[in-house]
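Summary of structural features
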Amino acid sequence: MQFRQHLDDRFKAYRVMDPTGKVLVPSHDPNLSPEAIKQLYTHMVTLHTMDGILYEAQRQGRISFYMTHYGEEAMIGSAAALLPKDVVFGQYREAFMLLYRGFSVQDCMNQCFSNVHDGGKGRQMPVHYSSKQHNFQTISSPLGTQIPQAAGAAYALKLSGQSACAICYFGEGAASEGDFHAGMNMAATLNSPVIFFCRNNGFAISTPASEQYKGDGIASRGIGYGMDTICVDGNDIWAVYNATRAARTIAVTENKPVLIEAKTYRVGHHSTSDDSTKYRDRKEVEERAQMDNPITRLRRYMEIKGIWSAQDEEALRATVRKETLKCFGNAEKAPKPAVAELFTDVYDEIPQSLARQRDELAYLLKEYPEYYSTEEYAAGL
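Residues numbered from 1 in each chain as written. Predicted model: local features only at pLDDT ≥ 70, side-chain atom pairs only at ≥ 80, totals over all residues. Heavy atoms only, no water.

1. Quick notes on the pattern of salt bridges
Inspection of the entire model under this criterion finds 20 salt bridges. Taking the shortest distance from any N to any O, the salt bridge between Glu-72 and Arg-199 comes out at 2.9 Å. Of this pair, Glu-72 sits in the loop between α1 (34-59) and α2 (76-80) while Arg-199 sits in strand β3 (residues 194-200); the two residues are 127 residues apart in sequence, bridging distant segments of the chain. Each member of the pair, Glu-72 as well as Arg-199, carries the same accessibility label: buried. In this structure, Glu-254 and Lys-256 form a salt bridge, with 3.1 Å as the shortest nitrogen-oxygen distance. Overall, Lys-256 belongs to the partly exposed group, its relative accessible area being 24%. Here the salt bridges do not stand alone but share partners, grouping Arg-15, Asp-233, Asp-292 and Arg-297 into one network. (Salt bridge = Lys/Arg side-chain N within 4 Å of Asp/Glu carboxyl O. Helix = DSSP H or I, 4+ residues; strand = E, 2+ residues; numbered from the N terminus. Buried < 20%, exposed > 50% of the residue type's maximum accessible area, 1.4 Å probe, protein only.)

2. Here we look at the environment of Asp-275
Tracing the backbone shows Asp-275 in the loop between β5 (258-263) and α10 (282-291). Relative accessible area serves as the criterion here: at 32%, Asp-275 is assigned to the partly exposed category. A sequence separation of 80 residues divides Asp-275 from Ile-195, and the C-alpha atoms of the two residues are 32 Å apart. Side-chain polar atoms of Asp-275 contact the side chain of Thr-277, separated by 2.6 Å. (Polar contact = N/O pair within 3.5 Å; in protein donor to acceptor, adjacent residues only side chain to side chain.)

3. Some points on a nonpolar patch on the surface
A grouping of Tyr-363, Tyr-368, Tyr-371 and Tyr-372 is seen on the molecular surface, where their side chains present a nonpolar patch of about 480 Å² in accessible area. Locating Tyr-371 in the fold gives a position in the segment after α13 (352-367). (Patch = residues over 30% accessible without salt bridge, like charges linked within 9 Å, V, L, I, M, F, W, Y side chains within 5 Å. Areas by Shrake-Rupley, 256 points an atom, 1.4 Å probe, with all protein chains shown as cover.)

4. Points about the pairing of strand β2 (residues 166-171)
If a strand is regular, its side chains alternate between the two faces of the sheet. Where burial is concerned, most of β2 is hidden: 6 out of the 6 residues are buried. In β2, alternate side chains face the same way, and those of Ala-166, Cys-168 and Phe-170 on one face and Ile-167, Tyr-169 and Gly-171 on the other are all buried. Relative to β2, strand β1 (residues 87-89) runs parallel, the two being bridged by 3 bridges. Paired with Val-87 across the bridge in β2 is Ala-166. Pairing analysis gives 6 bridges linking β2 to β3, with the strands arranged parallel. By the bridge assignment for β3, Tyr-169 is matched with Phe-197. What joins β2 to β3 is helix α6 (residues 178-190), and the crossover it makes is right-handed. (Pairing = 2+ DSSP bridges. Right-handed = clockwise from strand over helix to strand, strands pointing away.)

Right, here's the structure in full:
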């Protein structure tokens, strides 16, 4: 009789290149075209720049909330490994997927400012993106709700006969929610073609992993549910790319779920509502940002390949910042959605009870304009 507490082998993170950009095993280099590599790098720099501008905007009171991707930009490798028809369920740090699929910086800015051009009509918090065109399901604030949804959506994809999968992103904090286990078990028993992608950035919302769970990470839980599982270096874009590409092949051709745990480090605060210096040392954060930066790692890789220079870097940074600030200005100047949108998109035909509320609001706005100004809103009620 033997009780066991550990797997025979601990999960070692799969890595393609080291922090200096040097490829460790040449056969694992995906060898994408220079154009494709530069496009990925541009998206990473764009995301980082947008994060900086919108974070400062929140601190200035110009938007209500924001969450940065600092330290987790290499996750864009997973976007490059999927097809446009694959359905995405994000948590709230997946703007890289939208940028890669063609959702513009202007679209992101419009959403964060909740203006008239926001596809969600100003009904969501900033960074709660949504795009039917890009197969990106609406972000939901409650943690973990997207996990069983992704399992069900993937099952529907299988039943429809489509050669597509769902991918579900979540953090290691969300893996402590009951929905994580419900979704994993559902996907495993129904053989749903879904990729569960855990961004383990070490701190959940404000709880270090060492205080949140026992064990080496989240990957071992995939084994417990009978899933093909891999742990990767989440700061290595090519490790993320290779793992996701292989996971998609398994999910689509074998109709079964896969778990990827990407170990990374959240350099920024959890959100603008968080002060991470309360639970970790500022010096530690600065060292990680400098010594193992996913953007720097890819830049060094390109320099070794001879496809990038200091001049290229300077030109890109200047162009991206200029264009991002232009989008910021456009979004800030745009009016808010029409007040009438308060009453749309819930019922096919507005019921009398809601119509009465709409009419009463219209009366109040007209009768007391000094108290209920609509100058900042698009016309219509």
